[in-house]
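Chain and residue survey
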Amino acid sequence: MKRTLEPMAAFFNARAPSYDEVHIGHISGGLATKDLVARYLPEGIETILDLGCGTGLELPAIFARFPGAKVIGIDLAEDMLALLHERCAGFNVETLCMSYFDYDFPVNHFDAVISVMSLHHFTPAQKLDLYSRVRSTLKPGGVFLNCDYYIANPLRVRLNFYRLRLKCQQPGAMHFDIPLTPKQEMSILRRAGFGAVEVLWEQGNTTLIRGEK
């Protein structure tokens, strides 16, 4: 039976109650990623932008290491953000219910930008534009940590884009996964101006990639 695509926000709002269980229990490396980003953030972090923050699974470990940090989290799904605020009660978190593509990135503002399991819904062109803005919003020496799932075969990447075109959908408007290879992702980061682009961690098809301004 042909699967009907769902609008992105509606997809994640409907799955907010089960998101944590699915992410931790059924995604390769999902449990490890709860603590992973915090481990690789550099010392002295004060301001963090979290793209596609969801229910904030990665934030308790970050606040445990940086209790005074200020986090701005952006996500389309208001039900996910409500769960994030429950999880992070008492910490300095501001959330914005919107697409991070529509965010007005302030220049030289954040020590770090992070994203966990969110950016595999977008094309290289969309990512290049976004990553250029991510780089501009980082302070000099700031880092972008992107923990996402990737695929090894470039031919599968092309097949996924072909399947999306057959459905006549704008990438990111509907829930549809179009992961790249890690090599392709790192190339986009370098084209966006990031230096010291490297893979920090891998488990199964989940990879943490770092870029430095």
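Per chain, residue numbering runs from 1 following the sequence as it is written. Predicted model: local features are reported for residues with pLDDT of at least 70 only, side-chain atom pairs are reported and counted for 80 or more only, and whole-chain, interface and lining totals are derived from all residues. The side-chain numbers reported here are obtained from all heavy atoms of the structure, hydrogens and water having been left aside.

**Topic: the overall build of the chain**
The numbering of helices and of strands both runs from the N terminus, where a helix is a DSSP run of H or I of at least 4 residues and a strand a run of E of at least 2. The helix and strand tally for the chain stands at 8 helices and 7 strands. Principal axes of the C-alpha set define a box for the chain whose edges measure 50 × 35 × 30 Å. Think of it in three bands: with a 1.4 Å probe and only protein chains considered, a residue is buried below 20% of the maximum accessible area for its type, exposed above 50%, and partly exposed in between. Taken across its 213 residues, the chain has 52% of its residues classed as buried. Whether two residues are in contact is decided by their heavy atoms: any pair within 4.5 Å suffices. Restricting the contact set of the chain to residue pairs at least 6 apart, pairs at least 24 apart contribute 71%. Each accessible area is a Shrake-Rupley estimate made with a 1.4 Å probe; only the visible protein chains count as cover when residues are assessed. Entry remark: accessible area of the chain is about 9,800 Å², with carbon and sulfur atoms responsible for 54%.

**Describing the nonpolar core**
We call a set of buried residues a nonpolar core when its members are Ala, Val, Leu, Ile, Met, Phe, Trp, Tyr or Cys and they connect through side-chain atoms within 4.5 Å of each other. By size, the foremost hydrophobic cluster in this structure holds 29 residues, and its most contacted members are Leu-41, Ile-48, Ile-62 and Leu-145. Contributing elements (two or more residues each) for this core: helix H3 (33-40), helix H4 (59-65), helix H5 (78-87), strand E4 (110-116), strand E5 (138-149) and strand E6 (195-203). The contacts of Leu-145, once residues within four sequence positions are left out, are Val-37, Tyr-40, Leu-41, Val-113, Ile-114, Ser-115, Leu-200, Leu-208, Ile-209 and Arg-210. Counting residues in each nonpolar core, the second largest holds 26 residues, with Ile-74, Val-134, Tyr-150 and Leu-189 among its members.

**With respect to the packing of aromatic side chains**
When the centres of two rings from Phe, Tyr and Trp lie within 6.5 Å, Trp using its six-membered ring, the rings pair. Their planes under 30 degrees apart give stacked, over 60 give edge-to-face, and anything left gives tilted. Per the counting criterion, the structure on display carries 9 aromatic pairs. On the numbers, 5.0 Å between centres and 80° between planes, the contact of Phe-11 with Phe-12 is edge-to-face. Each member of the pair, Phe-11 as well as Phe-12, is classed as buried. Three or more aromatic residues joined by ring pairs form one cluster here, namely Phe-11, Phe-12 and Tyr-19. In this structure, Arg-15 is placed above the aromatic ring of Phe-11, and the distance from its NZ or CZ to the ring centre is 3.7 Å. Only when the NZ of Lys or the CZ of Arg is both within 6 Å of the ring centre and within 35 degrees of the ring normal is a charge said to sit over the ring.

**With respect to the pattern of salt bridges**
When a carboxyl oxygen of Asp or Glu is within 4 Å of a side-chain nitrogen of Lys or Arg, the pair counts as a salt bridge. Summed over the entire model, instances satisfying the criterion amount to 9 salt bridges. The residue Arg-65 makes a salt bridge to Glu-43 at a minimum N-O spacing of 2.9 Å. Separated by 22 residues along the polypeptide, Arg-65 in helix H4 and Glu-43 in the loop between H3 and strand E1 (47-51) bring together distant segments of the chain. We classify Arg-65 as partly exposed; its relative accessible area is 30%. Asp-129 serves as the salt-bridge partner of Arg-133, at 3.0 Å between the closest nitrogen and oxygen. Here Arg-133 and its partner Asp-129 are both found in helix H6 (residues 124-137), 4 residues apart, which amounts to about one turn of the helix.

**Section: the environment of Arg-87**
In this structure, Arg-87 sits in helix H5. A residue is classified by how much of its surface remains accessible, and Arg-87, at 32% relative accessible area, is partly exposed. Between the C-alpha atom of Arg-87 and that of Ala-112, which follows or precedes it by 25 residues, the distance is 21 Å. At 2.6 Å, the side chain of Arg-87 and the side chain of Asp-20 are in polar contact. Polar contact is the term for a pair of N or O atoms within 3.5 Å; when the atoms are in protein, one must be able to donate a hydrogen and the other to accept it, and sequence-neighboring residues count only if both atoms are side-chain atoms.

**Overview of the side chain of His-120**
Relative to the helices and strands, His-120 resides in the loop between E4 and H6. For His-120, a relative accessible area of 6% puts it in the buried group. Residues in contact with His-120, not counting those within four places in the same chain, are Asp-148, Tyr-149, Phe-176, Asp-177, Ile-178 and Pro-179.

**Let's talk about the sheet that holds E6**
Two strands make a pair as long as DSSP finds a minimum of two bridges between them. Taken in spatial order, the 7 strands make up an open sheet running E3-E2-E1-E4-E5-E7-E6, and their pairing is mixed. Edge positions in the sheet fall to strand E3 (92-97) and E6, since each has one partner strand and no second. Strand-to-strand twist in this sheet, taken as the mean axis angle between neighbours without regard to direction, amounts to 15°. As paired elements, E1 and strand E2 (residues 70-75) share 5 bridges and run parallel to each other. Across the sheet, Ile-48 pairs through a bridge with Val-71, a residue of E2. To obtain an axis, a line is fitted to C-alpha atoms, over the contacting stretch when the element is a helix, and the angle between two such axes runs from 0 to 180 degrees between their N-to-C directions. Packed on one face of the sheet, H6 meets E1, E4 and E5 and runs near 140° to E5.

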